[in-house]
Amino acid sequence: MIRVALFLLLSKISIAQQKTVLPVNDFEKAIQAKAVQLIDTRTPQEFKEGYIKGAVNADWQNEKQFTEQVSKLDKAAPVYVYCFSGIRSGKAADWLAANGFKDIINLEGGIKAWKAADKKLETK
């Protein structure tokens, strides 16, 4: 009985969600290394002002729009998130983890830090 309980506990730990915060350069390397699920949690207006190439806008402050966008994502694949300063994307990362996403990576300092590091932004 103890072995079964221990096995179940260890199994649950191995499938636990992982939330990571990466500084700008590490975040940039990670999203350039492969095709990733990249989510910008800012408002549509903020998004239009400049976003990281490949990002999809999922406005954290608009529950309906946010959930519609993230429902299209693969929960088993890593999800990279960012906002203006890291606060909204941190909350979105918590929500993603609570809703079954396994690996969430947040940009430390958000787009503000990205700009300060003189990284490229896309505009429509």
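Read on for an overview of the structure. This structure is a prediction, so every number in the text was calculated from the model and none was measured. (Residues numbered from 1 in each chain as written. Predicted model: local features only at pLDDT ≥ 70, side-chain atom pairs only at ≥ 80, totals over all residues. Heavy atoms only, no water.)

**Let's talk about the overall build of the chain**
Here comes step 1: From N to C terminus, the chain includes 6 helices and 5 strands.
Here comes step 2: The proportion of buried residues among the 124 residues of the chain is 39%.
Here comes step 3: The contacts of the chain with a sequence gap of at least 6 include a subset with a gap of at least 24, amounting to 66%.
Here comes step 4: For the chain, the exposed surface amounts to about 7,600 Å²; the carbon and sulfur share of it is 56%. (Helix = DSSP H or I, 4+ residues; strand = E, 2+ residues; numbered from the N terminus. Buried < 20%, exposed > 50% of the residue type's maximum accessible area, 1.4 Å probe, protein only. Contact = heavy atoms within 4.5 Å. Areas by Shrake-Rupley, 256 points an atom, 1.4 Å probe, with all protein chains shown as cover.)

**Observations concerning the nonpolar core**
Here comes step 1: With 16 residues, the main nonpolar core has Phe 27, Leu 38, Ile 52, Tyr 82 and Trp 114 as its most contacted residues.
Here comes step 2: Listing elements by their share of this core, those giving two or more residues are α2 (24–33), β4 (79–82), β5 (103–107) and α6 (110–116).
Here comes step 3: By residue number, the principal contributor to this core is α2, which donates 4 residues.
Here comes step 4: Beyond its immediate chain neighbours, meaning those up to four positions away, Tyr 82 contacts Leu 38, Ile 39, Asp 40, Thr 41, Arg 42, Tyr 51, Ile 52, Ala 55, Ser 89, Asn 106, Leu 107 and Ile 111.
Here comes step 5: Membership of the second largest hydrophobic core comes to 13 residues, among which are Ile 39, Ala 92, Ala 93 and Leu 96. (Core = buried A, V, L, I, M, F, W, Y, C linked by side-chain atoms within 4.5 Å.)

**Some details on the pairing of strand β2 (residues 37–40)**
On a regular strand, one side chain projects to one face of the sheet and the next to the other, so that they alternate.
Here comes step 1: Across the two faces of β2 the burial is the same, with Gln 37 and Ile 39 and Leu 38 and Asp 40 all buried.
Here comes step 2: Note that β2 and β4 share 4 bridges and pair parallel. Bridged to Asp 40 within β4 is Tyr 82. (Pairing = 2+ DSSP bridges.)

**Structural notes on the packing of aromatic side chains**
Here comes step 1: Overall, the coordinates contain 5 aromatic pairs when judged by the stated rule.
Here comes step 2: With a centroid separation of 5.6 Å and an interplanar angle of 80°, the aromatic rings of Phe 27 and Tyr 80 are classed as edge-to-face. Of this pair, Phe 27 sits in helix α2 while Tyr 80 sits in strand β4, and the two are 53 residues apart along the sequence.
Here comes step 3: An angle of 10° between the planes, with centres 4.3 Å apart, marks the rings of Phe 47 and Tyr 51 as stacked. Summarising the burial analysis for this pair, Phe 47 and Tyr 51 share the class buried.
Here comes step 4: Three or more aromatic residues joined by ring pairs form one cluster here, namely Phe 27, Tyr 80 and Trp 114. (Phe/Tyr/Trp six-rings, centres within 6.5 Å; stacked < 30°, edge-to-face > 60°.)

**Thoughts on helix α5 (residues 87–98)**
Here comes step 1: In a regular helix each residue adds 1.5 Å, so 12 residues correspond to 16 Å; α5 covers 17 Å between its end C-alpha atoms and thus fits that length.
Here comes step 2: The inward-facing, buried residues of α5 contact β1 (18–22), α3 (44–48), α4 (63–70), β4 and β5.
Here comes step 3: Directly after α5, the chain includes Gly 100, whose backbone phi takes a positive value near 95°. (Expected span 1.5 Å × (residues − 1).)

**Quick notes on the environment of Thr 43**
Here comes step 1: Following the sequence through the fold, Thr 43 ends up in the loop between β2 and α3.
Here comes step 2: Contact partners of Thr 43, with chain neighbours within four places excluded, come to Asn 57, Asp 59, Gln 61 and Arg 88.

**Comments concerning the environment of Lys 75**
Here comes step 1: Within the element layout of this structure, Lys 75 appears in the loop between α4 and β4.
Here comes step 2: Taking the C-alpha atoms as reference points, Lys 75 and Phe 101, 26 residues apart in sequence, are found 4.4 Å from one another.
Here comes step 3: When near neighbours in sequence (up to four residues on either side) are disregarded, Lys 75 contacts Asn 99, Gly 100, Phe 101 and Lys 102.
Here comes step 4: Looking at Lys 75, its side chain comes within polar contact range of the main-chain oxygen of Asn 99, at 2.8 Å. (Polar contact = N/O pair within 3.5 Å; in protein donor to acceptor, adjacent residues only side chain to side chain.)

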